[in-house]
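Breakdown of the fold
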Amino acid sequence: AAPVVAAAQSQAPLNAGDALAALVFVCALVLETIADRQQFAFQTAKYASGTKPTKGFLDTGVWAYSRHPNYFAEVLLWWAFY
């Protein structure tokens, strides 16, 4: 919470860098949410079927572009925060 406290106590006006950081933060939060929801739906369907799945991993949606988009988004979110 240190960056938030520092920003709240600062008298300097917000600038384009602050807007960019906020945009990156929101985009990362949305990406992480989408990735987590896709993974949850995949795992729920995989174990609900009761049969051995043909694939043990997700390779559609945002998971088609990265092996761990949720972790990437989490790191990006914290990078934007600090």
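Use the structure listed above.
Presented here is an overview of the structure given in this document. No experiment lies behind these values; they were computed from the predicted model shown.

Quick look at the overall build of the protein now. Across its full length, the protein carries three helices and zero strands. Each helix and strand of the protein, placed in order from N terminus to C terminus, yields the pattern α-α-α. In terms of C-alpha radius of gyration, the protein reaches 18 Å, well past the compact-globule figure of 12 Å for 82 residues. Dimensions along the principal axes, computed over C-alpha positions, put the protein at roughly 60 × 20 × 15 Å.

Along the polypeptide, Glu32 turns up in helix α2 (residues 16-48). The contacts of Glu32, once residues within four sequence positions are left out, are Asn70, Ala73, Glu74 and Leu77.

Mapped onto the elements of the fold, Asp36 is located in helix α2. Separated by 32 residues in sequence, Asp36 and His68 have C-alpha atoms that sit 10.0 Å apart. Looking at Asp36, its side chain comes within polar contact range of the side chain of Asn70, at 3.3 Å.

What follows is about a nonpolar patch on the surface. Nonpolar side chains collect at one region of the surface, where Val26, Val30 and Ile34 lie side by side and expose about 230 Å² of accessible area between them. Along the polypeptide, Val30 turns up in helix α2. Residue classification places Val30 among the partly exposed positions, given a relative accessible area of 45%.

Cut-off values and rules
Residues numbered from 1 in each chain as written. Predicted model: local features only at pLDDT ≥ 70, side-chain atom pairs only at ≥ 80, totals over all residues. Heavy atoms only, no water. Helix = DSSP H or I, 4+ residues; strand = E, 2+ residues; numbered from the N terminus. Rg over C-alpha atoms; globule rule 2.2 N^0.38 Å. Contact = heavy atoms within 4.5 Å. Polar contact = N/O pair within 3.5 Å; in protein donor to acceptor, adjacent residues only side chain to side chain. Patch = residues over 30% accessible without salt bridge, like charges linked within 9 Å, V, L, I, M, F, W, Y side chains within 5 Å. Areas by Shrake-Rupley, 256 points an atom, 1.4 Å probe, with all protein chains shown as cover. Salt bridge = Lys/Arg side-chain N within 4 Å of Asp/Glu carboxyl O. Buried < 20%, exposed > 50% of the residue type's maximum accessible area, 1.4 Å probe, protein only.

Geometry only, nothing functional implied.
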